[in-house]
Amino acid sequence: MTAVYPPEHHLLRDLRLSFDHDAGGRRSRAWMPVVDELCTDLGHARAGALATLVDVIGGGLAAGAAAPGWIATADLTLHLVGAARPGSVVEARAEVLRAGRTTVVIEVALADERDRSVGIATMSFAVLPRRDTNPEIDRVRDSPSTMSTPESRLAQPLLDELGVHVRDAERGVIDVAVVDWSRNSMGAMQGGIVAAVADVAAETALRAATNEPLVVTDLQVTYLGFGRVGPVRSAVEVLGTGTGHASARVELVDAGAENRLMTVVHAAATRDLT
Amino acid sequence: MNRDGDASTGHDVGRYMGVTMHEEEELHLVGHAVVAPHLRGPAGGVRTGALLTMLDNVGGLGGGLAALPDGWVVSTNLVARVVVLSHVGPLRIDSGLLRRGRNNVVTGVQIRDEGAHDALVASGVLTSAILIPENGPPQWERPLVLQARPEPIPELPSIPEWLGVRAVGDDSVEIDLAEVLRNPWGILHGGVVATLVDLAAEHATGGGATTDVVLHFLAPNRVGPVRARVRVLGRRTDGHVLRIEVRDEGAARTTALAIVTCGLAP
């Protein structure tokens, strides 16, 4: 079977991301247009959507930095400080902070087209021996680039596209199926979408706990294993609440794989991104 | 064992923090620490930097035990959220293994206040890289038991005094790399790096308290002075969001990056 990744109908196309990679392999830039379908009910881009942008650009840059080895994402953190509104374009500027024998660390600054800071992200990766199944990456040859086609766009809000099913709002128990639209090149749920699932789970539980319209602004995602079977199921522990903010710890398991723990996330939510 | 082959040195940071540890069951480490006066900060409880050091100590040792017999570990990044800033004590630090991979170990660590009905104080995750020390991994008698120091607790200087921290302008703080601040491998202890980040956040925000930290250890601090420089990224209802870069000025290189949320000063 010849697998083309991403397939024609896929998250990475529908987000209409575009990329530009520095020839030295230490920096990359990516852009994501902010559309209503990516936004929270407070009208700005959801942390999980921005985490997907970060995951894609960070993963690509790290793969180049780790060559000839390959990488496994260890963690992703995101802190938002500004609202990315519909109609704007978020630019992600990624830089390699460390490329060692066992670890690659990336920093990603997020800004809008007026160069106003939207947030900051970091990612770290374990360096692994390359397997025959790992894709070759020729970043400079492919730059600038996009995975989108003229038809690519989100047909419905991100959470509907993912099929988020809330089972217990107070405990933050939600189910999300693992489908081809959101798989990574290894056949598992894409890392940014894993962050988006945690985002929704934390927001659901923290809103239930506080009765405030909080939105997730920080995600600290530790990846422990893939979600290949699904559904991916969340459970949320509310850590603390204050006026206008709250925090939570989220665990994600692959319910179809004997509830194997996939991911641990610490999340914070506030109500005032401007 | 430290770089000079002296097993008794390189543990001053652990002694200062006063954390005792025992292995409750295999790879489940439990630490305890008294809320000692020298660890307290302006908010009344143990400073976040000290809490981070406890997370790093207990989580790191737990990760090291998980790496045996192949190797030992060095911390690569720590994420933590502090939810309570005033503490009664004693504090209990629980570390459990989340993942043991080929190259790294991930441990989940939580601190609870046993004197306040086991209230959650902090929750974090420590990731450590597995390495093979020159003289082989350390040998431990299992189940592991570590006593911090004999009681009673001696009078010790406060954290800023102990570190000898000094302000460098409005956005930076700096310390010299004193011998007592080194870990058994001869480099600046990871907990001291975390504490320096915490003190830098407090300094740059005029007394704010660190409630959330992402800390990436990028390179060892070997020479000093070690400086933490703060850039304010934004302000939200839960505080300032800061980017803090740590540099070994003597080696002219960046050694750590932290993203910190620092609660607004009272």
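The coordinates are above.
Residues numbered from 1 in each chain as written. Chains lettered and ligands numbered in written order. Predicted model: local features only at pLDDT ≥ 70, side-chain atom pairs only at ≥ 80, totals over all residues.

### Description of the overall build of chain A
So, point 1. If you tally the helices and strands in chain A, you get 4 helices and 13 strands.
So, point 2. For chain A, whose C-alpha radius of gyration is 17 Å, the value lies close to the compact-globule estimate of 19 Å for 274 residues.
So, point 3. Dimensions of chain A, computed from C-alpha atoms along their principal axes, come out at roughly 50 × 45 × 40 Å.
So, point 4. If you take every contact in chain A between residues at least 6 apart in sequence, the share linking residues at least 24 apart comes to 72%. (Helix = DSSP H or I, 4+ residues; strand = E, 2+ residues; numbered from the N terminus. Rg over C-alpha atoms; globule rule 2.2 N^0.38 Å. Contact = placed C-beta atoms within 7 Å.)

### Examining the overall build of chain B
So, point 1. What chain B contains, in helices and strands, is 4 helices and 13 strands.
So, point 2. Taking 2.2 N^0.38 as the reference for a compact globule, 266 residues should give roughly 18 Å; the C-alpha atoms of chain B span a radius of gyration of 17 Å, in line with that estimate.
So, point 3. The dimensions of chain B, computed from C-alpha atoms along their principal axes, are 45 × 45 × 35 Å.
So, point 4. In chain B, 71% of the contacts between residues at least 6 apart in sequence involve partners at least 24 apart.

### A few points about the interface of chain A and chain B
So, point 1. Across the contact, 36 residues belong to chain A and 30 residues belong to chain B.
So, point 2. Secondary-structure elements contributing two or more residues to the side of chain A that touches chain B are strand E3 (70-80), strand E4 (89-99), strand E5 (103-111), strand E6 (117-128), strand E10 (215-223), strand E11 (232-242), strand E12 (245-254) and strand E13 (260-270) of chain A.
So, point 3. Here the side of chain A that touches chain B is built from residues that sort into 11 nonpolar, 18 polar and 7 charged. (Nonpolar A, V, L, I, M, F, W, Y, C, P; charged D, E, K, R; others polar.)

### Description of the packing of helix H2 (residues 47-66) of chain A against helix H4 (residues 191-210) of chain A
All names here are of chain A.
So, point 1. Contact pair H2 / H4: the axes reach a minimum separation of 7 Å and the direction vectors enclose 160 degrees. Here H4 runs roughly antiparallel to H2, going by the angle between their axes. As H2 packs across H4, the resulting crossing turns out to be right-handed. Residues Ala47, Gly48, Ala49, Ala51, Thr52, Val54, Asp55 and Val56 of H2 pack against Gly191, Gly192, Ile193, Ala195, Ala196, Asp199 and Val200 of H4. (Axes fitted to C-alpha atoms, helices over the stretch in contact; angles between N-to-C directions. Parallel < 35°, antiparallel > 145°, perpendicular 65-115°, else oblique. Left-handed = near helix turned anticlockwise from the far one by under 90°.)

### A look at the pairing of strand E8 (residues 165-168) of chain A
Residues and elements named next belong to chain A.
So, point 1. The sheet contact formed by E8 and strand E9 (residues 173-176) spans 3 bridges and is antiparallel. By the bridge assignment for E9, aspartate 168 is matched with valine 173.
So, point 2. What sits between the antiparallel neighbours E8 and E9 is a turn of 4 residues, in which glycine 172 has the positive phi angle 65 degrees. (Pairing = 2+ DSSP bridges.)

### Describing the nonpolar core
So, point 1. Counting residues in hydrophobic clusters, the biggest one holds 168 residues, and the most contacted among them are Val54, Ala198 and Ala202 of chain A together with Leu55, Leu196, Val197 and Val213 of chain B.
So, point 2. At 12 residues, the largest contribution of residues to this core is made by H2 of chain A.
So, point 3. Beyond its immediate sequence surroundings of up to four residues, valine 197 of chain B is in contact with Val213, Leu215, Ala228, Ile244, Val246, Ala258 and Val260 of chain B. (Core = buried A, V, L, I, M, F, W, Y, C linked by C-beta atoms within 7 Å. Buried ≥ 20, exposed ≤ 12 C-beta atoms within 10 Å, placed from the backbone.)

### Quick notes on helix H2 (residues 48-67) of chain B
So, point 1. Between its first and last C-alpha atoms H2 of chain B spans 28 Å; for 20 residues at 1.5 Å apiece the expected length is 28 Å, and the two agree.
So, point 2. The element H2 of chain B is extensively covered by neighbouring structure, given that 20 of its 20 residues are classed as buried. (Expected span 1.5 Å × (residues − 1).)

### Some points on the environment of proline 90 of chain B
Residues and elements named next belong to chain B.
So, point 1. Turning to its location among the elements, proline 90 is positioned in the loop between strand E3 (72-82) and strand E4 (91-100).
So, point 2. Each C-alpha atom of the pair proline 90 and aspartate 212 lies 22 Å from the other, and the pair is 122 residues apart in sequence.
So, point 3. Residues in contact with proline 90, not counting those within four places in the same chain, are His32, Ala33, Val34, Val35, Glu114 and Gly115.

### Re the environment of threonine 77 of chain A
So, point 1. Relative to the helices and strands, threonine 77 of chain A resides in strand E3.
So, point 2. According to the C-beta neighbour criterion, threonine 77 of chain A is buried, with 26 such atoms within 10 Å.
So, point 3. Put simply, threonine 77 of chain A and aspartate 55 of chain A are 22 residues apart on the chain and 9.8 Å apart in space, counted from C-alpha to C-alpha.
So, point 4. With residues near it in sequence (within four places) discarded, threonine 77 of chain A still touches Ala121, Thr122, Leu219 and Gln220 of chain A together with Val79, Val214 and Ile259 of chain B.

### Structural notes on unusual backbone geometry
So, point 1. Cis rather than trans, the peptide bond between alanine 67 of chain A and proline 68 of chain A has omega equal to 5 degrees.
So, point 2. The topology assignment puts proline 68 of chain A in the loop between H2 and E3.
So, point 3. The omega angle of the peptide bond from arginine 142 of chain B to proline 143 of chain B is -5 degrees, so this bond is cis rather than trans.
So, point 4. Mapped onto the elements of the fold, proline 143 of chain B is located in the loop between strand E6 (119-131) and strand E7 (145-146).

### Details of the packing of H2 of chain B against helix H4 (residues 190-204) of chain B
Residues and elements named next belong to chain B.
So, point 1. Remark: H2 packs on H4, axes separated minimally by 8 Å, with the N-to-C direction vectors making an angle of 155 degrees. Between H2 and H4, the crossing angle belongs to the class labelled roughly antiparallel. Handedness of the H2/H4 crossing: right-handed. For the pair H2 and H4, the contacting residues are Thr48, Gly49, Ala50, Leu52, Thr53, Asp56 and Asn57 in the first and Gly190, Gly191, Ala194, Thr195, Asp198 and Leu199 in the second.
So, point 2. Classifying every residue of the contact of H2 with H4 by side-chain character gives 4 nonpolar, 7 polar and 2 charged.

### Description of H2 of chain A
So, point 1. In this model H2 of chain A runs 27 Å from its N-terminal to its C-terminal C-alpha over 20 residues, within 8% of the 28 Å that 1.5 Å per residue would give.
So, point 2. Here H2 of chain A lies mainly inside the structure; 19 of its 20 residues are buried.

### What about the environment of aspartate 180 of chain A?
Residue and element names in this part refer to chain A.
So, point 1. Counting through the fold element by element, aspartate 180 comes out in the loop between E9 and H4.
So, point 2. According to the C-beta neighbour criterion, aspartate 180 is exposed, with 11 such atoms within 10 Å.
So, point 3. In this structure, the C-alpha to C-alpha distance between aspartate 180 and valine 229, residues 49 residues apart in sequence, is 11 Å.

### Focus: the pairing of E5 of chain A
All names here are of chain A.
So, point 1. The buried fraction of E5 is high, at 7 of 9 residues.
So, point 2. Across 8 bridges, the pairing between E4 and E5 is antiparallel. Counterpart to glutamate 95 in the pairing with E5 is glutamate 107.
So, point 3. In sequence, E4 turns back onto E5 through a hairpin of 3 residues.
So, point 4. In this structure, E5 lies alongside E6, joined through 9 bridges in antiparallel fashion. Residue pairing in the sheet places glutamate 107 in a bridge with threonine 122 of E6.
So, point 5. Connecting the antiparallel pair E5 and E6 is a turn made up of 5 residues, with aspartate 115 showing a positive phi of about 65 degrees.

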